[in-house]
Amino acid sequence: MRLIVDADPGIDDALALLYLAAQGGVEIVAVGSVHGNGPAAQTAANARHVLGLGGLPEVPVAVGAWRPLAQPLETAEFVHGPDALGGHGVPISGDVRGESAAEQLVRLARANPGELTLLALGPLTNVALALLLEPDLPRLLRAVVVLGGAIGVPGNLTAHADANFYHDPEAADLVLGAGFTLTLIGLNVTEAARADGAWLDALSTSDNPRARFATAVLAHYAAFYTNMFGVRVATLHDPLAAAMALDPGLGTYEQMVVGVELAGTHTRGQTLTDLRRLSSDVHIASSLAGGRPPVSVAMTVDAQAFLDRLFAALTRPLQP
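Bear in mind that the values here come from a model prediction, so they are computed numbers and not experimental data. (Residues numbered from 1 in each chain as written. Predicted model: local features only at pLDDT ≥ 70, side-chain atom pairs only at ≥ 80, totals over all residues. Heavy atoms only, no water.)

(A) Structural detail: the packing of aromatic side chains. All told, the structure shown has four aromatic pairs when counted by the stated rule. With a centroid separation of 5.9 Å and 75° between ring planes, the pair formed by tryptophan 199 and phenylalanine 311 is classed as edge-to-face. On the criterion of sequence distance, the pair formed by tryptophan 199 in helix H10 (residues 197–204) and phenylalanine 311 in helix H14 (residues 303–315) is long-range, its members being 112 residues apart. The exposure class assigned to tryptophan 199 is buried, which follows from its relative accessible area of 10%. Each ring, one from tyrosine 225 and one from phenylalanine 229, has its centre 6.1 Å from the other, and the planes form 5°; the classification is stacked. Here tyrosine 225 pairs with phenylalanine 229, and both are found in helix H11 (residues 209–229), just four residues apart, close to one helical turn. Chaining the aromatic ring pairs together yields one cluster made of Tyr221, Phe224, Tyr225 and Phe229. (Phe/Tyr/Trp six-rings, centres within 6.5 Å; stacked < 30°, edge-to-face > 60°. Helix = DSSP H or I, 4+ residues; strand = E, 2+ residues; numbered from the N terminus. Buried < 20%, exposed > 50% of the residue type's maximum accessible area, 1.4 Å probe, protein only.)

Structure below.
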């Protein structure tokens, strides 16, 4: 599989990149940074650092959108720390004025039609901008896997919205309705992918440099979740999405028309879907659908199999 990764590293984004780097038969063609867990220039610097740890220093990283399409910038420093890696980030480096992440995505998709899968782990601003640059992007990309949304469960940034969609609802709604071959991995499955204290302790015993890095950044991340749940855990959203992108068999899926609330006073960013089990003709006529195609929504996941795979990826030697 050949991947373009759009991400906002970010502690769990960093683990996703390390997971991908440890897999045979996977090529990370390029990475685009985006605002979210930190400013776009910082998340780009973090991506370069993590790719180096994963043995992939040559992968190009383009700095992406520094703010959402239609609202002020907010970042999740309260979860990931001021450097987005829990105090283990790196100074901003590289050219922040070169080709943008959206431009990089369009260029690579045009040059490799039907060959590349996009793994979008952060707010969807870059992907929306790429769509505005290249309306044929849904045809040019092989598939898109999006980490975002919350189907039938509460949000994690507000009562109704998950972090990625809340940070740019307009971008998320545009991407979901664009006609990509798209899989949506939301909080309804990622909230099942929690590493407990025993998993974290076992990881800390490894002398693998990637495991040591993961243990260091997860200490900050787990502290946030421990305060929330009262037990020592860490929710691993992004690496789960990476694992399911490589092996869809980790989960089960349903086809749904999905949108994002843009105007609600209390529900902006909420994932909207018509959960009525009606005929496709009725779905197409519904006010939500508006003619938009359905996407594949992850409904369940084998969390233990994922945790075992992530542990192995962080502790075994890198593939030659």
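Right, picking up where we left off after that structure.
(B) Looking closely at H11. Here H11 spans 29 Å end to end across 21 residues, near enough to the 30 Å set by a 1.5 Å rise per residue. Where H11 bends most, at leucine 218, the angle is about 35°. Within the sequence span of H11, burial applies to Arg210, Ala211, Phe213, Ala214, Val217, Leu218, Tyr221, Ala222 and Tyr225. A distance of 2.8 Å separates the backbone nitrogen of arginine 210 from a side-chain oxygen at the start of H11, and that oxygen is part of asparagine 208. (Expected span 1.5 Å × (residues − 1). Bend = angle between axes of the 7 residues up to and from the residue. Polar contact = N/O pair within 3.5 Å; in protein donor to acceptor, adjacent residues only side chain to side chain.)

(C) The pattern of salt bridges, seen in detail. The final tally for this structure, using the stated rule, is 10 salt bridges. With a shortest N-O distance of 2.8 Å, arginine 110 and glutamate 134 are connected by a salt bridge. Here arginine 110, found in helix H4 (residues 101–111), pairs with glutamate 134, found in the loop between helix H5 (125–133) and helix H6 (137–140); they are 24 residues apart in sequence, far enough to count as distant. Measuring nitrogen to oxygen at the nearest pair gives 2.8 Å for the salt bridge that ties arginine 268 to glutamate 170. In this pair, arginine 268 sits in the loop between strand S10 (258–260) and strand S11 (271–273) while glutamate 170 sits in helix H8 (residues 169–176), placing the two residues 98 residues apart along the sequence. We classify glutamate 170 as partly exposed; its relative accessible area is 22%. Among the charged side chains, a network of salt bridges with common partners joins Arg2, Glu27 and Glu115. (Salt bridge = Lys/Arg side-chain N within 4 Å of Asp/Glu carboxyl O.)

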